[in-house]
Amino acid sequence: MAEQVNQRIEEMINELEQMRRTELFDDEEIKEISRKRKEFEYHIQRRVKHKEDYIQYIAYELALLEDISIRRKQAKLTEKKNVIEMAIARRLNKLFKQFIYRFQNEIEVYFEYIRFCRAVGFEQAISGILGQMLQIHGDKPKVWQMASKWESEEQNNLNNARNFLLKGIQRHPESEVLFLELFNIELMELVFNAESEDDKIKSSIVDGVVRVVYLRPGGSGCHWQEIEQYVEEENSFPKEVNNFICMYEEALQQFPDEKLCTKYIHELLGVSENICTDYQKIRAVKHAWMYGHENALLTDDMYAFGIEMLILDNEKSNEELNEILNFASKRNPQYRSVWEEKLLLNKSNEKKMIAILQDATRSLKASDALHLYNLVLENVESNEMLKSLHKKFQSCENSVLLEVKPKLLQQMFKHNGLKAARDLYEDLIKTPPPQIEVHKIMIDIEKSQEKINVKNIRKCFECAVNHHGSDNVDIWMDYMKFEIENGNAQASPLVYRRAIGMLKKELVDEFIKAQTMAKIK
């Protein structure tokens, strides 16, 4: 093994020498590059191969290429690119090949390899990489889809993307994933050809629908009907937009899928102004959004987008918007944005906000429930609401909601002043679990007063270090800074000694270093 590694390192000598001669790196940096490469080479030469070793080696060489590029730009150097960069590129090419050979199930690596080849000008290798991937993983429909997406999204080659999908469908005639992707390709082509004559557009539409829906092998029960029958008379959109809407909604009837519905809305948002006016586009987008809502095909993000659109549009009353949101929250109770919009829509009715918050907390995951509680606190407008939330907090057994204590303290000070904040602080620090943020906020509130009360601030610091002094370096640093600047400078050494005694062993060095750096500054 050592002999092989040494041979590899010897092969790098010329490359490293050119790095030194061109002054891209100094002697110490070149030694470090050589050392790291030797370490990586030993790892990948081990009898038992680990994919992490290849990943780390590849990542290191890619980062080195990037670093060289930056240094060349800064120094305006162009010398020896063929020697230095091409040597690294060839090494990376070899590493990717070894990685793929030994870990063939790591499908994402093929695409990283392709990106690398394109970046360094090895485009001629890309078709071979895709072919190798499909040869090994052609039994997986998802891989054909990934190859198609690469061609359509990265290469902007819809024809190649379509060919991959057609070959994949030959092998997997029952794969809905591939048919949906083919449908998307046809739609993309429709958008690109949207300025052509009506007959050509209709031909493209019919071709897409027939291929994906009606000519699907084994698609029993699907029969061709004239596309115009799906057009609602009330939607007086241009023919191209009507046909576009019909295609998507027919597809969504066959394949009810949230991602496809999101794409439907996004594609309408991107329709060219040559096809319809902005007003028609907005109406078409609203139509698509309502279709998704009524058929439970909207994602959480799409609900947030749609409700904002409807509010700005000002066509629907609050009652109608509440009806939409109530329907959505029953069908999708885990969607945070739905509950968020309900709360904001009803922020003038604080009792209703509390009720919505209670319903939401029963359905949402912990982090989302916490977000809503903070949202409500940010929109508090009355002392009664604050008191009500405080009571719920006191009787709450849900540990997640205890996380709202810092925000509650901030709002109590904002609405009711210093005395109310002090009273609440006393209550909060008695309610487990303790939170460092509560102490920090109270300290900031006390410091914000025109005439600060040193005794009260010191009391807050003492509470903070009693609860968190063993595992929080920052609170000791803040305590010492306060004593030096506002309190008793002679007390600072005592705080320092207490910190050394209370902090966990592994944090003592960190504290000493931080304190030393603070003195230097």
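Residues numbered from 1 in each chain as written. Predicted model: local features only at pLDDT ≥ 70, side-chain atom pairs only at ≥ 80, totals over all residues. Heavy atoms only, no water.

Caption draft 1: Inspection of the overall build of the protein chain at higher detail. Scanning the protein chain for helices and strands turns up 26 helices and zero strands. Here the protein chain, with 521 residues, has 47% of them falling under the buried criterion. Long-range contacts, defined here as pairs at least 24 residues apart, represent 60% of the contacts in the protein chain between residues at least 6 apart. As displayed, the protein chain has an accessible area near 28,200 Å², and 48% of this comes from carbon and sulfur atoms. (Helix = DSSP H or I, 4+ residues; strand = E, 2+ residues; numbered from the N terminus. Buried < 20%, exposed > 50% of the residue type's maximum accessible area, 1.4 Å probe, protein only. Contact = heavy atoms within 4.5 Å. Areas by Shrake-Rupley, 256 points an atom, 1.4 Å probe, with all protein chains shown as cover.)

Caption draft 2: Looking closely at unusual backbone geometry. One non-glycine residue, Glu-23, lies in positive phi territory at about 65°. With respect to the element layout, Glu-23 can be found in the loop between helix H2 (13-21) and helix H3 (27-44). Of the residues examined, Glu-23 reaches a relative accessible area of 67% and is grouped as exposed. Located in the positive-phi region is Ala-296, a residue other than glycine, with phi close to 55°. In this structure, Ala-296 sits in the loop between helix H14 (278-294) and helix H15 (300-313). Looking at Ala-296, the relative accessible area reads 26%, which means it is partly exposed.

Caption draft 3: Spatial organisation of the environment of Ala-125. Structurally, Ala-125 is set in the loop between helix H6 (107-120) and helix H7 (126-137). Considered as a pair, Ala-125 and Tyr-113 are 12 residues apart in the sequence and their alpha carbons are 9.7 Å apart.

Caption draft 4: Looking closely at the pattern of salt bridges. The tally for this structure, following the rule as stated, stands at 28 salt bridges. Taking the shortest distance from any N to any O, the salt bridge between Asp-53 and Arg-46 comes out at 2.6 Å. Judged by relative accessible area, Asp-53 falls into the buried class, the value being 8%. Look at Arg-46 and you get partly exposed, because its relative accessible area is 31%. Each of Glu-15, Arg-37, Glu-61 and Arg-91 takes part in one network of salt bridges that share partners. (Salt bridge = Lys/Arg side-chain N within 4 Å of Asp/Glu carboxyl O.)

Caption draft 5: The packing of aromatic side chains, seen in detail. Taken as a whole and assessed by the stated rule, the structure comprises 16 aromatic pairs. Taken together, a centroid distance of 6.1 Å and an interplanar angle of 90° make the contact between Phe-116 and Phe-122 edge-to-face. Look at Phe-116 and you get buried, because its relative accessible area is 5%. Judged by its relative accessible area of 13%, Phe-122 is buried. (Phe/Tyr/Trp six-rings, centres within 6.5 Å; stacked < 30°, edge-to-face > 60°.)

Caption draft 6: Here's a closer look at the confidence of the model for the protein chain. Within the protein chain, residue pLDDT values average 81, and 88% of them lie at 70 or more. Confidence over residues 199-218 falls short of pLDDT 50; this stretch has 48 contacts with residues more than four positions distant or in other chains. The model gives residues 220-234 a pLDDT under 50, and that stretch makes 23 contacts with residues more than four places away or in other chains. (pLDDT = per-residue confidence, 0-100.)

Caption draft 7: Main features of the packing of helix H19 (residues 366-378) against helix H21 (residues 405-428). Two numbers describe how H19 lies on H21: the axes approach to 10 Å, and their chain directions differ by 5°. Judged on the interaxial angle alone, H21 and H19 are roughly parallel. Here Asn-374, Leu-377 and Glu-378 of H19 lie close against H21, whose contacting residues are Lys-407, Leu-408 and Gln-411. Per-class residue counts for the contact of H19 with H21 are two nonpolar, two polar and two charged. (Axes fitted to C-alpha atoms, helices over the stretch in contact; angles between N-to-C directions. Parallel < 35°, antiparallel > 145°, perpendicular 65-115°, else oblique. Nonpolar A, V, L, I, M, F, W, Y, C, P; charged D, E, K, R; others polar.)

Caption draft 8: Examining a negative patch on the surface more closely. On the surface, Glu-437, Asp-444, Asp-474, Asp-478 and Glu-510 cluster together to form a negatively charged patch. Elements with a minimum of two residues in the negative patch: helix H22 (436-447) and helix H24 (473-485). Within the element layout of this structure, Asp-444 appears in helix H22. (Patch = residues over 30% accessible without salt bridge, like charges linked within 9 Å, V, L, I, M, F, W, Y side chains within 5 Å. Lys, Arg positive; Asp, Glu negative; His and termini not counted. Charge placed at Lys NZ, Arg CZ, Asp CG, Glu CD.)

Caption draft 9: Quick peek at the side chain of Glu-249. Within the secondary structure, Glu-249 is located in helix H12 (residues 239-254). We note that Glu-249 is buried and unpaired, the nearest opposite charge coming from Arg-283 at a distance of 12 Å. Here the side chain of Glu-249 touches Tyr-264 through a polar contact of 2.6 Å, side chain to side chain. Among residues more than four places away in sequence, those in contact with Glu-249 are Tyr-264, His-287 and Tyr-291. (Polar contact = N/O pair within 3.5 Å; in protein donor to acceptor, adjacent residues only side chain to side chain.)

Caption draft 10: Focus on the packing of helix H13 (residues 258-269) against H14. Following both chains from N to C, one finds H13 and H14 inclined at 175°, their axes separated by 9 Å at the closest point. When the axis of H13 is compared with that of H14, the two are roughly antiparallel. Where H13 abuts H14, its residues Cys-261, Tyr-264, Ile-265, Leu-268 and Leu-269 lie against Lys-281, Ala-284, Val-285, His-287, Ala-288, Trp-289 and Gly-292. Across the contact of H13 with H14, the residue classes break down as nine nonpolar, two polar and one charged.

Caption draft 11: Structural context of helix H1 (residues 2-11). Every buried residue belonging to H1 is among Val-5, Arg-8 and Ile-9, and all of these are buried. Mapping the buried residues of H1 onto a view down its axis gives an arc of 100°, with all of them on the same face. Projecting away from the buried face of H1 at angles above 90 degrees are the exposed residues Glu-3, Glu-10 and Glu-11. (Arc of directions from axis to C-beta.)

Caption draft 12: Geometry of H19. Helix length check: H19 (13 residues) gives 19 Å between terminal C-alpha atoms against 18 Å at 1.5 Å per residue, within 8%. Looking at H19, one finds that the buried residues are Asp-368, Ala-369, Leu-372, Tyr-373, Asn-374, Leu-375, Val-376 and Leu-377. (Expected span 1.5 Å × (residues − 1).)

Caption draft 13: A look at the environment of Asp-300. Relative to the helices and strands, Asp-300 resides in helix H15. Put simply, Asp-300 and Glu-258 are 42 residues apart on the chain and 10.0 Å apart in space, counted from C-alpha to C-alpha. The contact partners of Asp-300, leaving out residues within four places of it in the chain, are Tyr-335, Arg-336, Ser-337 and Val-338.

Caption draft 14: Local environment of the side chain of Asn-93. With respect to the helices and strands, the residue Asn-93 is situated in helix H5 (residues 81-102). A distance of 2.4 Å separates a polar atom in the side chain of Asn-93 from a polar atom in the side chain of Tyr-113. In contact with Asn-93, not counting residues within four places along its chain, are Tyr-113, Phe-116 and Phe-122.

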